[in-house]
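Chains, contacts and geometry: an overview
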There are 2 protein chains.
Amino acid sequence: MIVVKVGGAAGIGYDTLCDDVQSLREQGEQVVIVHGGSDETTRLAEQLGHEPQFLTSPSGHTSRRTDAEMIEIFQTACCGRVNKRIVRQLQERGVNGIGLSGLDGGLWRGRRKKAIRAIEDGVTRVVRDDYTGTVDEVNDGLVRMMLDAGLTPVLSPPGLSRDAEPINVDADRAAARTAAALGAETLVILSNVPGLLREFPDESSLISELARTDLDTALEVAEGRMKKKVLAAQEAIEADVPRVILADARAEEPVARALRGEGTVIS
Amino acid sequence: MIVVKVGGAAGIGYDTLCDDVQSLREQGEQVVIVHGGSDETTRLAEQLGHEPQFLTSPSGHTSRRTDAEMIEIFQTACCGRVNKRIVRQLQERGVNGIGLSGLDGGLWRGRRKKAIRAIEDGVTRVVRDDYTGTVDEVNDGLVRMMLDAGLTPVLSPPGLSRDAEPINVDADRAAARTAAALGAETLVILSNVPGLLREFPDESSLISELARTDLDTALEVAEGRMKKKVLAAQEAIEADVPRVILADARAEEPVARALRGEGTVIS
């Protein structure tokens, strides 16, 4: 079984991904797709006139400010736009995709962060009305039931808090949790770079192999969005997923290439 | 097993519905919820600056004009907003709701209408780029699998055309198809009126019982949105659903009341 996380950044289509999933299904491979919706959320928020905001943590990490209105927009963009777009493209290829959010069937239960520390104008303040959180429990039985029925699950944020609120969870890390819970052999994380770059954005500086003992160092090398992907890879590896591959979503046959070892292979 | 169709018109909340579903689940009853998204689609379209349009058929029936942009908005409103709102409210009550659209797992396959005749300025014209259609095949095995796993399915348009396009399908009629495919004992159709009224909008003119032989006459009495509901009732009854109840979504305990016979009972 393979779990594929696909990003939604500019330049990434789902056609080549879905072509690959079709081939893998024809070879009898079980595939689970996980996606996020950050860019589509920004697009929808702008269309609705709700300006996206971001928080910077004391350690310099940037995250989306997800107030009550924004979690609704995030949910709408992820479940109503990105998820159904992928399901439709699978159905076009005769692959019986089924879209689920973290809310559905309690797929991704987690904790909502009660307080987030953020720097604003040089001053640290505490944000308490944010709907951000992390997945700590995967309903793997539900996903297995779908796979056993010949379906291809397409999993999407938001997650479900203990108080049944939707929460903005990072899809890379949710994919890592899911791969671990399902006992997947491989987690492929696709984005708009060829893998982990020693000197971002120089694509010739691709790190093609990483041992699990190198992951702490890799976390320091990673920039921007790649930091979360390396963190997700680390969480997957520590939870006994044998292999994680950070690979290029923009290529033809992105999953097949990744499985052949193109990208950054962590094992 | 009970299939409950809930409307989304002004004044209809999902709290009382979800309270009822919780009680029914505690009594061991299997429940399938079906919803539409017409009002939420209009709201989202207006927010996005895409003015909703409607077509009038030569027989005087009004339907939404669903062009390529509108089917995307319809899908987003149904799957991203209404569906997840209901799933969340079920999860709040400890009911393990799972939201699916007609695309997911090929739940509602159907035909897209290749041409729609519409009257415009007194002239009949043919609209060919519309994404409207009807469900003619329900993946009842998928819904049964969910029910058997203790889940409460929450089903939403759009449907899936033979060419894997999303189609705007009427949720009342899709609910009728679903009830028939599942062999449900009862189909409850909730809306913002007490049932079928002999003299709309006079609520004291409620028709409390209807024989199946009266349905053709009832179709003539029904006005506006109620026409589709009576048509759906007729389709369900003709497909051997033993009982259909048109009832008031605005009441406390809307489903329990309907099951006690409040509304228009057709059998």
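Our subject is the structure listed above.
This is a predicted model, so every value here is computed, not measured.

Along chain A, the regular secondary structure elements total 8 helices and 16 strands. On C-alpha atoms alone, chain A measures out to a radius of gyration of 18 Å, which is about the 18 Å that the 2.2 N^0.38 rule sets for 267 residues. For chain A, the residues scored as buried account for 56% of the 267 residues in total. Taking the intrachain contacts of chain A between residues at least 6 apart in sequence as the baseline, contacts between residues at least 24 apart amount to 72%.

What follows is about empty space enclosed by the protein. Residue and element names in this part refer to chain A. Throughout the structure, instances matching the rule amount to 1 cavity of 30 Å³ or more. The volume enclosed by the largest cavity comes to roughly 40 Å³. At the level of elements, α3 (68-92) and β5 (97-101) are the ones that each hand at least two residues to the lining of the largest cavity. Residue classes in the lining of the largest cavity are distributed as 2 nonpolar, 5 polar and 3 charged.

In this section: the relation of the copies chain B and chain A. Overlaying chain B on chain A yields an RMSD of 0.0 Å, the required transformation being a rotation through 180° with an accompanying axial translation of 0.0 Å. Here the transformation between the copies is reduced to the relation of a two-fold axis. For chain B, the residue whose C-alpha comes nearest the rotation axis is G80(B), separated from it by 1.9 Å. Both copies share a contact surface, since 100% of the interface residues of chain B are interface residues in chain A too.

Before going further, it helps to spend a moment on the environment of I116(A). All names here are of chain A. As for its position among the elements, I116 is in strand β7 (residues 116-120). I116 gets classed as buried once you look at its relative accessible area, which sits at 13%. Between the C-alpha atoms of I116 and D130, which are 14 residues apart in sequence, the distance is 7.7 Å. When neighbours within four sequence positions are excluded, I116 is seen to be in contact with L55, R125, V126, V127, D130 and T132.

Core analysis: the biggest nonpolar cluster contains 91 residues, and L187(A) and L187(B) have the highest contact counts within it. If we skip the residues at most four places from it in the chain, L187(A) touches V3(A), A175(A), A176(A), A179(A), A236(A), V241(A), R243(A), V244(A) and I245(A).

Turning next to the interface of chain B and chain A. Contacts between chain B and chain A engage 36 residues on the former and 36 residues on the latter. When chain B packs against chain A, the two sides together hide about 2,700 Å² of surface, and 60% of this comes from carbon and sulfur. For the chain B face of the interface with chain A, the top three residues by lost area are K84(B), R88(B) and M145(B), together amounting to 19%. Between chain B and chain A we count 6 salt bridges in total. A salt bridge links E72(B) to R88(A); the nearest nitrogen and oxygen atoms lie 3.8 Å apart. Viewed at the interface, chain A and chain B are joined by 16 residue pairs in polar contact (both at pLDDT 80 or more). The set of elements that each furnish at least two residues to the side of chain B that touches chain A consists of α2 (38-47), α3 (68-92), β5 (97-101) and α4 (140-148) of chain B. Counted by class, the side of chain B that touches chain A contains 15 nonpolar, 12 polar and 9 charged residues.

All names here are of chain A. In this model helix α1 (residues 15-26) runs 17 Å from its N-terminal to its C-terminal C-alpha over 12 residues, within 8% of the 16 Å that 1.5 Å per residue would give. Within α1, the full set of buried residues consists of T16, L17, C18, D20, V21 and L24. Close packing links the buried residues of α1 with β1 (2-6), β2 (31-35), α3, β10 (152-156), β13 (186-191) and α8 (254-259). Immediately downstream of α1, the backbone of G28 shows phi near 85°, a positive value.

What follows is about the packing of aromatic side chains. Each pair of aromatic rings is reported with the distance of its centres and the angle of its planes. This model, assessed by the stated rule, comprises 0 aromatic pairs over all chains. The ring centre of Y131(A) lies 3.8 Å from the NZ or CZ of R112(A), which sits over that ring.

With the rule as written, the count across this model stands at 50 salt bridges over all chains. The salt bridge involving R125(B) is made with E120(B); its shortest N-O contact spans 3.0 Å. A salt bridge links E235(B) to R173(B); its shortest N-O distance comes to 2.8 Å. Taken together, the residues E235(B) in helix α7 (residues 225-238) and R173(B) in helix α5 (residues 171-182) connect sequence positions 62 residues apart. Within the structure, one salt-bridge network assembled from shared partners comprises E40(A), R43(A), R81(A), R85(A), R88(A) and E72(B).

Quick notes on the rules
Residues numbered from 1 in each chain as written. Chains lettered and ligands numbered in written order. Predicted model: local features only at pLDDT ≥ 70, side-chain atom pairs only at ≥ 80, totals over all residues. Heavy atoms only, no water. Helix = DSSP H or I, 4+ residues; strand = E, 2+ residues; numbered from the N terminus. Rg over C-alpha atoms; globule rule 2.2 N^0.38 Å. Buried < 20%, exposed > 50% of the residue type's maximum accessible area, 1.4 Å probe, protein only. Contact = heavy atoms within 4.5 Å. 1 Å grid on protein atoms, 1.4 Å probe; cavity = no way out; pocket = protein on both sides within 12 Å on 5 of 7 lines; lining within 4 Å. Points joined across faces, edges and corners; volume = space filled by probe spheres on them. Nonpolar A, V, L, I, M, F, W, Y, C, P; charged D, E, K, R; others polar. Least-squares fit on C-alpha atoms with pLDDT ≥ 70 in both. Core = buried A, V, L, I, M, F, W, Y, C linked by side-chain atoms within 4.5 Å. Buried area = accessible area lost by both parts, 1.4 Å probe. Salt bridge = Lys/Arg side-chain N within 4 Å of Asp/Glu carboxyl O. Polar contact = N/O pair within 3.5 Å; in protein donor to acceptor, adjacent residues only side chain to side chain. Expected span 1.5 Å × (residues − 1). Phe/Tyr/Trp six-rings, centres within 6.5 Å; stacked < 30°, edge-to-face > 60°. Lys NZ or Arg CZ within 6 Å of the ring centre and 35° of its normal.

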